[in-house]
Amino acid sequence: MRKEGARWRGRFCILNAARAFSIPSVGGEGRIGYITAKRVGGAVQRNRARRLMREAIRALAAADELPPGWDLVLIAQNAIVADDAGMAQVKDEIRWLLKKVNQANPAEPAKPATNR
RNA sequence: CGAGUUCGCUGGGCGGCCGCACGUUGUGCGCAAGCAAAGCGUGAGGAAAGUCCGGACUCCCCAGGGCGCAGUGCUGGCUAACGGCCAGGCGGUGAAAGCCGACGGAAAGUGCAACAGAAAAUAAACCGCCGUGGCUUUGGCUGCGGUAAGGGUGAAAAGGUGCGGCAAGAGCGCACCGGCGGCGCAGUGAUGCGUUGGCCUGGUAAACCCCACUGGGAGCAAUGCCGAAAAGCGCGGUUGACGCGGCCCGCCGACGCGCAGGUAGGCAGCACGGAUCGCAAGAUCCGAAGGUGCGUGGCAACGCGCAUCGCAGAUAGAUGGUCGCCGCCGGGUGGAGUAAUUCACACGGUACAGAAUCCGGCUUAUAGGCGAGCUCGAACA
């Protein structure tokens, strides 16, 4: 992901995105990973950050706002805990980051996922 | 009521909507492993934390003894065990309730003690005091001897105070006090009390050391089992290339079968165990760790008996997100009341912190709240 994907930085988290077929996958396409490093805080803070990001993605998926064919990695930033962000703020930011993903790499014809 | 102190408890609640993990039930799909959606049940803490002690459990090592190393260190008890807890003793501290203490040994040995001071440990004479000799310009100077009472130094100076005694002094003698030893009494004991003796041996052991007691090593990433893919080895001789190549044979590859190793990964450990019945799902019974309640023994820690429950198991790590209402705390504004107080409104805050094999402790973090005991002070009756 780090090599292949693009990367955008927000206030609460960093988004890494790569075409799902660019990396051989086992679990199918549209995978999402969350990174909450120790710099974010203790176990309580890291759990909080991960839950917020996961809940935001779930809400976006329910509203069908996730672009298909992308693998995503979300990296929590200090501010997500330090600034006491709510789920709505995190969701807005991820939506904004996803828009940038689409602008930078528009409408490629979806190739079939290269599942070995 | 105020100030202090000890012990114990608690550490948000309710409801929508949308989710997560595990278990389980029947259903659907699938040859199967399994995968789906649905129902039901369960789902973080007093510290889950630090990983500082002690156990359970697992593997490795293991004749017996010694040396070494590490830990503990008043006494008695509790406990599976402990460096933990309870009770007691002693010392320190506080006006008291209380709090604090690695609290064995310094007459086994070795070492160490800056600065100051004459001297810091087989005592010691700087000033001073006393005796005596010499010199003398009659102010003193000086030799020898005695002396630890006084001065001064220091964290610490060879028991303390008083009286006697003496040339001056000194446990030199006596009284009281302190310390040490013996004896008696009380106590399981630490120790306390009494009595007696000679007249006394400085500090430091979280310095080496001595004494007593305890301790094999490593840890759930322990350990056991299964085990891809790729590579490897063996066999087969269906097939292809090469060796003059049609057959045999050799060799290389494909294909098929097998093999060990044990990587990725998975399962067990690990989320109670066992027995009986049943094809199974499950049902019934018995019992453990542990929780709760009652009774009981003990000052207490804790033990015993009965009843009842017997309770999270993720694997980059589930136990949540969001909205509304309420509670609690804080100061503010306004109203009521002599006042304590109380009502309303908006605002701000609501901690520390997230299981990872499981228990018993310790330590540290923590907004706020509740209960009980004790001490001192003030006021009232």
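Attention here is on the structure that accompanies the text. (Residues numbered from 1 in each chain as written. Chains lettered and ligands numbered in written order. Predicted model: local features only at pLDDT ≥ 70, side-chain atom pairs only at ≥ 80, totals over all residues. Heavy atoms only, no water.)

Notes on the pairing of strand β3 (residues 32–35)
Using the following cut-off: Strands qualify as paired when DSSP identifies two bridges or more between them. Put simply, DSSP H or I for four residues or longer makes a helix, DSSP E for two residues or longer makes a strand, and each gets a number counted from the N terminus. By convention, a crossover is right-handed whenever its connection, traced from the first strand over the helix to the second and viewed with the strands pointing away, goes clockwise.
Pairing analysis gives four bridges linking β3 to strand β4 (residues 70–76), with the strands arranged parallel. The residue of β4 that forms the bridge with Tyr34 is Leu74. The parallel pair β3 and β4, bridged by helix α1 (residues 43–62), forms a crossover whose chirality is left-handed.

Overview of the protein's contact with RNA strand B
Short version of the rule: Nearness is defined per residue: one heavy atom within 4 Å of the molecule or strand is enough. In protein, a polar contact means a hydrogen-donor-capable atom and an acceptor-capable atom, both N or O and within 3.5 Å, with residues adjacent in sequence counting only if both atoms are side-chain atoms; elsewhere, any N or O pair within 3.5 Å suffices.
If you check the shell around RNA strand B, you find Ala43, Val44, Asn47, Arg48, Arg50, Arg51, Leu52, Arg54, Glu55, Arg58, Gly86 and Met87 and nothing else. Here a sugar or linking oxygen of RNA strand B and a side-chain polar atom of Arg58 are 2.9 Å apart.

Observations regarding the sheet that holds strand β1 (residues 6–9)
Keep this limit in mind: Axis lines are fitted to C-alpha atoms, over the contacting stretch for helices. Their N-to-C directions set the angle, which ranges from 0 to 180 degrees. Contacts are residue-level and defined by heavy atoms, with any inter-residue pair within 4.5 Å sufficient.
The strand order β1-β2-β4-β3 describes an open sheet built from four strands, whose pairing is mixed. Each end of this open sheet is capped by a strand with a single partner; those strands are β1 and β3. For this sheet the average axis-to-axis angle between neighbouring strands, irrespective of direction, equals 15°. Relative to strand β2 (residues 13–19), β1 is paired through four bridges, and the arrangement is antiparallel. The residue of β2 that forms the bridge with Trp8 is Leu15. Across the sheet, α1 touches β2, β3 and β4, and the angle it forms with β3 is around 155°.

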